[in-house]
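Listed here are the chains, written in short residue letters.
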Amino acid sequence: MTETSIRTRFAPSPTGMFHVGGARSALFNWAMAQQSPGGRMVLRVEDTDEARNKPEWTDGIVRAMSWLGIHTDDPAFEGPYFQSDYAGKHRETAEELHAKGRAYYCDCSGEQVQARRDNPNLGYDGFCRDRGLEPGPGRALRFRVPEGGPTVVEDRIRGRVEFDHASIEDFVIVRSNGSPLFVLANVVDDVEMDITHVVRGEEHLSNTPKQQLLWEALGLRAPVWAHLPVIVNEQRKKLSKRRDKVALESYQEEGYLPEAMVNYLMLLGWAPGDDREIMPWTQMVPLFDIADVNSSSAFFDEKKLRAFNGDYIRSLELADFIERCEPWLTAGEAPWPAENFDREVFARVAPLAQSRVAVLADIVPNVDFLFLDEPETDDKSWKKAMKPGIGVPMLEAALERFSDEGLSWDTDTLKAVTEEAGAGLGLKLGKAQAPVRVAVTGRTVGLPLFESLELLGRERTVARVVAALEKARAEEAAEAASET
Ligand code: GLU
């Protein structure tokens, strides 16, 4: 580590999913580590809560980070470390603070404290400060908040934030059962890991004066602090896992590209300037400055993210696009029988689809008509396209032409004969192609129709038109019967 190298850290508490807010924190920390010569970002899994200590959750964190492009083998990456491995150090530091007189043991129960105070908001009253209690069962260790104050936190994003000591009680650093509290463990680990910059969510700002006091009590200079703005939904409410889609994994499953996601997350509170928005990671890193991050809440605009993703998808090389679609096409969830999938046919349809999908999962409804035995017909589309007097005659006219063995089965010819069939019924091409589209693909919207028919081939197209015609005729007959 050189004098100027910075050491940031990303310190998630495992929860079984990777929150988009966590992803943004990781990226900001990662940008800072990457732009500093010799800089590092430490991954520290804060796993001291027993219920959170599941190895698969840690794997999930590493996997999600690597999806975002933060790889454990990158020279700027360090870890993962586990908070639980530092338990000895947490205890030792607590003892050190006690020995220095900066912390004291307390045997007050919550009820006792409350009974002594008329205002429960005031917190602990310092009853045990000078009782000189030795450690023992049922005794918690409290930090002795210095008289006077205030503690001033110089936050890189928010500027100077003052905390009056009257509002900071002598807080517990080790519970009466011997387990250290977050405020202590988090500081001890940051000390051990030589962290120079703490960049984390705004919800931790209230812990910061306590943590800064701990650094000072240990005779150390506190790190640079930066608290990132809260992320809100459309109703301007803080993103919550009950209400909002917050798991990075959900976006991954829908087919957001990691590079689009990274780009979008970087803009939650920061911007590269000059109204630029779409920018690859490598160009953002040298421009990123934590001091430029905005302190006001950042709106997570899923629509905008989707639009970003569409842009990123359109700019992929075709071969890359095809490869990235693969998981949606060949995984068990694809709606067609696996053996129906044909890579060559997909490679031909892919250029038509690439400009139309905003997320990769959208590829499936766009191309399913090619791989399903029968198209999945959407009722609303069917009703709309098969209006009486249009559906049946149009399908009949199209069928007559499509089944002509001499017809060249190509896009231009198919368009010409459909247009001609429509003209015979007084229909413009737009109207005329709707029944054909629904018969063949099951929907009223989709890829360009005549290219689709060419790809599907004569035999299957004709079979679908025949089947649709039968269905439409049967419906008309039923309708007529009910009217008489
Ligand atoms: N484990 C804490 C959290 O996930 C991180 C705190 C920090 O970054 O200091 O909120």
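For the structure given in this document, a descriptive report is provided here. (Residues numbered from 1 in each chain as written. Predicted model: local features only at pLDDT ≥ 70, side-chain atom pairs only at ≥ 80, totals over all residues. Heavy atoms only, no water.)

Formed by 114 residues in total, the largest nonpolar core has its most connected members in Phe300, Phe346 and Ile363. If sequence neighbours within four positions are ignored, Phe300 has contacts with Val20, Ile231, Val232, Leu239, Tyr251, Met261, Tyr264, Leu265, Leu268 and Leu305. Listed in part, the 37 residues of the second largest apolar core include Tyr104, Cys128, Leu141 and Leu213. (Core = buried A, V, L, I, M, F, W, Y, C linked by side-chain atoms within 4.5 Å. Buried < 20%, exposed > 50% of the residue type's maximum accessible area, 1.4 Å probe, protein only. Contact = heavy atoms within 4.5 Å.)

Here we have three strands laid out as an open sheet, ordered S4-S5-S8, and antiparallel in their pairing. Each edge of the open sheet is held by one strand with a lone partner, namely strand S4 (103-106) and strand S8 (172-174). Looking at each pair of strands side by side, their axes are set apart by 45° on average, direction ignored. Bridge count between strand S5 (residues 140-143) and S8: two bridges; the pairing is antiparallel. (Pairing = 2+ DSSP bridges. Helix = DSSP H or I, 4+ residues; strand = E, 2+ residues; numbered from the N terminus. Axes fitted to C-alpha atoms, helices over the stretch in contact; angles between N-to-C directions.)

Attention shifts here to unusual backbone geometry. For residues other than glycine, phi is negative in most cases, and the peptide bonds are mostly trans. With an omega of 0°, the peptide bond between Gly79 and Pro80 qualifies as cis. For the bond from Gly149 to Pro150, the omega torsion is 0°, close enough to zero to count as cis. With respect to the helices and strands, the residue Pro150 is situated in the loop between S5 and strand S6 (151-155). At Asp274, a residue that is not glycine, the phi angle is positive and equals roughly 55°. Topologically, Asp274 is positioned in the loop between helix H8 (258-266) and helix H9 (281-287). Unlike most non-glycine residues, Asp275 shows phi in positive territory, near 60°.

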